[in-house]
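Coordinates in review
The residues making up each chain are set out below.
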Amino acid sequence: VAKPDPILKASGVRRSFGGLTAVDVGHLEVQRGTITALIGPNGAGKSTLFNLLTGFDRVDAGEWSFEGRRLNGLGGHRVARQGMVRTFQLTKALTRLTVLDNMLLAAPGQVGEHFLGALLRPRWRHQEEANRERAMELLARFKLDAKKDDLAGSLSGGQRKLLEMARSLMVNPSMVMLDEPMAGVNPALVQSLLGHITSLRDEGMTVLFVEHDMDVIMGISDWIVVLAQGSVIAEGRPEDIRSNQEVVDAYLGA
Ligand code: ADP
Ligand code: MG
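Residues numbered from 1 in each chain as written. Chains lettered and ligands numbered in written order. Predicted model: local features only at pLDDT ≥ 70, side-chain atom pairs only at ≥ 80, totals over all residues.

1. As for the overall build of the chain
Within the chain, the regular secondary structure consists of eleven helices and ten strands. Taken over the C-alpha trace, the chain has a radius of gyration of 19 Å; the compact-globule value for 254 residues is 18 Å, and the two agree within 12%. With the principal axes as the frame, the chain shows a C-alpha extent of 60 × 40 × 35 Å. Residues classed as buried in the chain amount to 37% of the 254 residues present. A sequence separation of at least 24 residues applies to 69% of the contacts in the chain between residues at least 6 apart. (Helix = DSSP H or I, 4+ residues; strand = E, 2+ residues; numbered from the N terminus. Rg over C-alpha atoms; globule rule 2.2 N^0.38 Å. Buried ≥ 20, exposed ≤ 12 C-beta atoms within 10 Å, placed from the backbone. Contact = placed C-beta atoms within 7 Å.)

2. Side note on the site of ligand 1
Taken together, Phe-17, Leu-20, Ala-22, Gly-40, Asn-42, Gly-43, Ala-44, Gly-45, Lys-46, Ser-47 and Thr-48 are the residues near ligand 1. Elements represented by at least two residues in the shell around ligand 1 include exactly strand S2 (20-31) and helix H1 (46-53). Residues belonging to the shell around ligand 1 are distributed by class as follows: four nonpolar, six polar and one charged. (Near = placed C-beta within 6 Å. Nonpolar A, V, L, I, M, F, W, Y, C, P; charged D, E, K, R; others polar.)

3. With respect to helix H7 (residues 157-168)
With twelve residues, H7 ought to run about 16 Å at 1.5 Å a step, and its terminal C-alpha atoms sit 17 Å apart, in line with that. For H7, the set of buried residues is Arg-160, Lys-161, Leu-162, Leu-163, Glu-164, Met-165, Ala-166 and Arg-167. (Expected span 1.5 Å × (residues − 1).)

4. Observations concerning the environment of Gly-62
By secondary structure assignment, the location of Gly-62 is in strand S4 (residues 61-66). Accessibility expressed as a C-beta count within 10 Å gives 19 for Gly-62, which makes it partly exposed. Measuring from C-alpha to C-alpha, the distance between Gly-62 and Gly-26 comes to 8.8 Å, with 36 residues separating the pair along the chain. Setting aside chain neighbours within four positions, we find Gly-62 in contact with Ala-10, Ser-11, Gly-12, Val-13 and Arg-14.

5. Some details on helix H8 (residues 187-202)
With 16 residues, H8 extends 23 Å from end C-alpha to end C-alpha; this agrees with the ideal 22 Å at 1.5 Å per step. Trailing H8 by a residue or two, Gly-204 shows a phi angle of about 105°, which is positive.

6. Description of the sheet that holds strand S3 (residues 35-39)
Taken in spatial order, the six strands make up an open sheet running S6-S7-S8-S3-S9-S10, and their pairing is mixed. In the strand order of this sheet, the two ends are held by strand S6 (84-86) and strand S10 (231-236), each with one partner. With strand direction ignored, the average angle separating the axes of adjacent strands in the sheet is 20°. Taken together, the five bridges between strand S7 (residues 175-179) and strand S8 (residues 206-210) define a ladder with parallel strand orientation. Across the sheet, the residue bridging to Asp-179 is Val-210, located in S8. Across the sheet, H1 is in contact with S3, S6, S7, S8 and strand S9 (223-228); its angle to S7 comes to roughly 150°. Across the face of the sheet, H8 comes into contact with S3, S7 and S8 while running at roughly 150° to S8. (Pairing = 2+ DSSP bridges. Axes fitted to C-alpha atoms, helices over the stretch in contact; angles between N-to-C directions.)

7. Digging into the domain arrangement of the chain
Partitioning the chain into structural domains gives domain 1 (1-83 + 173-254) and domain 2 (91-172). Here the C-alpha centre of domain 2 lies 25 Å away from the C-alpha centre of domain 1. Domain 1 puts twelve residues into the contact, and the matching count from domain 2 is ten residues. For the side of domain 1 that touches domain 2, the secondary-structure elements that each account for two or more residues are helix H2 (76-82), S7 and H8. Ranked by residue count, the leading element in the side of domain 1 that touches domain 2 is H8, at three residues. (Domains from an automatic or database assignment.)

8. Some remarks on the sheet that holds S2
Reading across from one edge, S2-S1-S4-S5 is the order of the four strands in this open sheet, with antiparallel pairing throughout. Across the chains shown, the open sheet's two edge strands, defined by having one partner strand only, are S2 and strand S5 (69-70). Where strand S1 (residues 6-17) lies against S4, five bridges are found, and the strand directions are antiparallel. Across the sheet, Leu-8 pairs through a bridge with Phe-66, a residue of S4. Against the sheet, H1 engages S1, S2 and S4, with an angle of about 65° to S2.

9. Details of the nonpolar core
Core analysis: the biggest nonpolar cluster contains 63 residues, and Ala-166 and Val-226 have the highest contact counts within it. Both of domain 1 (1-83 + 173-254) and domain 2 (91-172) provide at least three residues apiece to this core. Contact partners of Ala-166, with chain neighbours within four places excluded, come to Met-103, Leu-138, Leu-139, Phe-142 and Leu-144. (Core = buried A, V, L, I, M, F, W, Y, C linked by C-beta atoms within 7 Å.)

See below:
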């Protein structure tokens, strides 16, 4: 469905694994400044679609643009630099680093700048200082500042999710994609996570998120896109989706 002011547009995006078509999206637009939920049964292709759009997996076909710029063929780091990021679960390796180091690793240009830094040390220092400041600001926002020197692996499930969100904001994105941001989070922290997601939207950011809990989805989404077997089978406002029998069937058929 065409949107008045799409920040993201995708057409004919396809990805197969062997004989299995994981994603086959005819057309998808995400309206700027909204919270859009991507829902669908397990295996519907939600995570694969996130990976494709953000450059962490390669499409078999299709094209897509972000802020009017084509992204086809760009790797994840270059897509992130355009302002579109997805969160990643903390890997084992990252759990062995401190919370602050996790943030600094997510700062823009981490890889190339060590070499450049050797040549331009003063400038590099300045960048490092700015990254640190931004990291501390974000950690404070997500109430993780007191934990900055703790190993990320010592955080609770909910705090990890907050850290994942905070990490993704290090590049100052205009759109964030959250893959099951509430998974494994205790109910007390769910409200806090939802509050953070809503604040991001209220500050003008576009949020696309995958979630299973219908109350959560209906509660904060401006728009819902339903994916089943790799394709968009319906989209609309929460109240329209709730009353759509085909959607309820596909969703409950998980
Ligand atoms: P969802 O996130 O909606 O649960 P996924 O995108 O993870 O779904 O998976 C969609 C389909 O693609 C599933 O059938 C899954 O098994 C398959 N799939 C995903 N990634 C791979 C991969 N790297 N190799 C093979 N099959 C995959
Ligand atoms: Mg998934």
